[in-house]
Amino acid sequence: MTRIAIRRALISVYDKTGLEELAAGLHAAGVEIISTGSTAARIGAAGVPVTPVEELTGFPECLDGRVKTLHPRVHAGLLADTANPRHEAELAGLGIEPFQLLVSNLYPFEATVASGASPEQCVEQIDIGGPSMIRAAAKNHGSVAVIIDPARYADVLAALAEGGFTLDQRRGLAAEAFARTARYDIAVASWFASAYAPDEIARDSGWPTVAGALWQRADVLRYGENPHQRAALYVAERPAGASARSGIAAAELLHGKAMSYNNYVDADAARRAAYDFAAPCVAIIKHSNPCGIAIGADLADAHAKAHACDPVSAFGGVIAANGPVTADLARQIADVFTEAVVAPGFDDEALDILSASKNVRLLRCAPPAAASTQGGSAPLGLPGEWRPVSGGILLQSPDRVAEPGDDPANWELKAGPPADPAQLADLAFAWKACRAVKSNAILLASGGASVGIGMGQVNRVDSARLAVLRAGDRAAGSVAASDAYFPFADGFEILAEAGISAVAEPGGSIRDHLTVTAAQAAGVTLYFTGVRHFYH
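Residues numbered from 1 in each chain as written. Predicted model: local features only at pLDDT ≥ 70, side-chain atom pairs only at ≥ 80, totals over all residues. Heavy atoms only, no water.

## Side note on the nonpolar core
Okay, step 1: In this structure, Leu 26, Leu 78, Leu 101, Phe 109, Val 146 and Phe 165 are the most contacted members of the largest nonpolar core, which totals 49 residues.
Okay, step 2: Per-element accounting of this core gives the leading share, seven residues, to helix H10 (residues 167-195).
Okay, step 3: When near neighbours in sequence (up to four residues on either side) are disregarded, Leu 78 contacts Leu 10, Phe 99, Leu 102, Met 133, Ala 136, Ala 137, Asn 140 and Val 144.
Okay, step 4: Counting residues in each nonpolar core, the second largest holds 48 residues, with Val 318, Ala 445, Leu 466 and Tyr 527 among its members. (Core = buried A, V, L, I, M, F, W, Y, C linked by side-chain atoms within 4.5 Å. Buried < 20%, exposed > 50% of the residue type's maximum accessible area, 1.4 Å probe, protein only. Helix = DSSP H or I, 4+ residues; strand = E, 2+ residues; numbered from the N terminus. Contact = heavy atoms within 4.5 Å.)

## A short note on the confidence of the model for the chain
Low pLDDT marks regions whose predicted coordinates should not be analysed in detail.
Okay, step 1: For the chain, the average pLDDT comes to 88, and 93% of its residues sit at 70 or higher.
Okay, step 2: Low pLDDT (under 50) marks residues 371-380, which in the prediction has 25 contacts with non-local residues, meaning those over four places away or in another chain. (pLDDT = per-residue confidence, 0-100.)

## Some points on the pattern of salt bridges
Okay, step 1: Within the structure shown, the criterion is met by 18 salt bridges.
Okay, step 2: A salt bridge links Arg 470 to Asp 310, with the nearest nitrogen and oxygen atoms 2.6 Å apart. Taken together, the positions of Arg 470 in helix H18 (residues 460-471) and Asp 310 in the loop between helix H13 (299-309) and helix H14 (311-314) put the pair 160 residues apart, joining distant regions of the chain.
Okay, step 3: By relative accessible area, which is 11% here, Asp 310 ends up buried.
Okay, step 4: Between Arg 331 and Glu 349 there is a salt bridge, with its nearest N and O atoms 3.4 Å apart. Here Arg 331 is found in helix H15 (residues 327-334), whereas its partner Glu 349 is found in helix H16 (residues 348-354), with 18 residues between them in sequence.
Okay, step 5: Owing to a relative accessible area of 39%, Arg 331 belongs among the partly exposed residues under this scheme.
Okay, step 6: One continuous salt-bridge network, built from bridges that share partners, spans Glu 110, Arg 180 and Arg 183. (Salt bridge = Lys/Arg side-chain N within 4 Å of Asp/Glu carboxyl O.)

This is the structure in structure tokens:
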């Protein structure tokens with residue numbers, strides 16, 4: 001157990017939540033309290049005896065509070081190993097008493113950055129003495145307990161009644177403390193690298209020289225992609241004042257079994273697909289690809305159309321809706337085995353209907369935040385989207401359907417007659433929907449719904465064949481979107497032969513003229529968008 005009784009405590013906190021109650025509890029247990037600046041003033045105002053730190057150090061607080069605790073009488077008291085006779089003798093010779101407890105939290109640097117404050121204000125909120133004390137106490141956890149969170153104050157009062165913290169408890173508190181200072185340092189380093197662009201490449205590109213984040217384990221999963229693989233879910237820690245977590249990792253499981261690794265992957269892909277649209281949209285995902293996606297008059301209509309694209313593949317899929325799930329939609333979903341349903345919300349009746357199945361997972365997941373600036377970087381953490389590769393990570397700004405070329409008004413008509421309003425609406429839908437399809441992607445659409453999808457093939461010809469095959473008779477008269485240009489005319493010719501009436505593709509191939517010629521010969525409307533949406 002190795003409990004160490006708390007006789008002397010140092011308290012220096014920015015967040016003063018629960019401070020008076022903690023100080024009163026320490027005093028009632030006979031603990032001597034040393035404190036700093038406004039913390040000491042609050043403790044004294046509560047009628048609790050407190051010794052200002054300047055009485056301990058014999059040196060006044062100075063430089064607008066930048067120097068308060070940076071003194072040997074503070075740090076020797078925190079760093080002395082009281083199980084080491086030499087340390088004990090040195091303390092006695094120096095007339096220094098050891099601390100058994102440090103209570104400290106830091107200036108709100110992360111929250112200040114998140115608020116949009118000026119660089120000068122952000123720099124002023126970089127804590128120096130706090131991290132130094134916290135790291136000292138955490139290193140010396142054999143002798144000192146360190147508390148960094150007001151939520152832990154109840155643990156302090158409980159430990160007082162039990163004769164102090166155990167060694168295991170002090171180790172756990174030290175681990176929390178080191179994680180906190182690590183996150184703080186990462187935040188400062190990342191912000192500095194972004195705000196002050198210390199090299200020419202960073203200045204020219206907008207990418208910081210350093211980017212980092214601290215990840216907290218949120219869940220241990222049953223297994224990974226396959227049963228022989230271990231897996232866990234981690235989320236980036238968020239400071240007070242920062243925006244709430246978003247994304248599938250922050251989704252609330254309302255019903256069903258725990259999420260698996262593959263459930264998370266597919267649910268994220270489903271969210272990406274459905275949440276792109278303003279109109280009611282439902283996407284059905286298998287193995288990260290849509291097997292159906294549609295917009296409709298309402299979500300039930302959209303789901304019926306999406307399901308009709310590929311009913312066989314929809315079995316065991318993950319469904320995402322971009323609005324609250326209604327009872328009508330729930331009744332349709334309940335008829336087909338589904339792994340998970342992702343939506344911003346669920347009506348009460350819809351929850352009752354879907355909860356009748358113990359297997360389906362129901363996830364409440366907020367819509368994504370507004371698009372970030374292309375090429376920019378978040379002030380804290382890893383900017384944009386990141387993907388691990390062996391030996392490193394790749395970072396990129398998110399692929400949003402928000403480029404000028406994503407607006408049909410900016411498309412260039414290259415062949416055939418201009419699309420009529422219905423065709424153009426379907427082309428706009430197909431273009432936006434194909435962003436959610438793994439490359440090479442060909443998506444056929446009609447009536448605001450996918451009717452055939454070719455995805456993840458190693459050449460665009462096979463993707464075109466697969467999309468036409470899946471569409472069957474529905475191919476004739478539909479429209480098509482290709483996420484990248486046709487390198488040769490052969491892929492386009494497969495679509496034309498199937499009766500596709502109009503095609504939207506980026507253009508940009510050195511052989512574009514071959515595709516344009518094929519479209520003119522077939523009488524197929526062809527638009528170039530000027531923007532590509534690869535999804536690897």
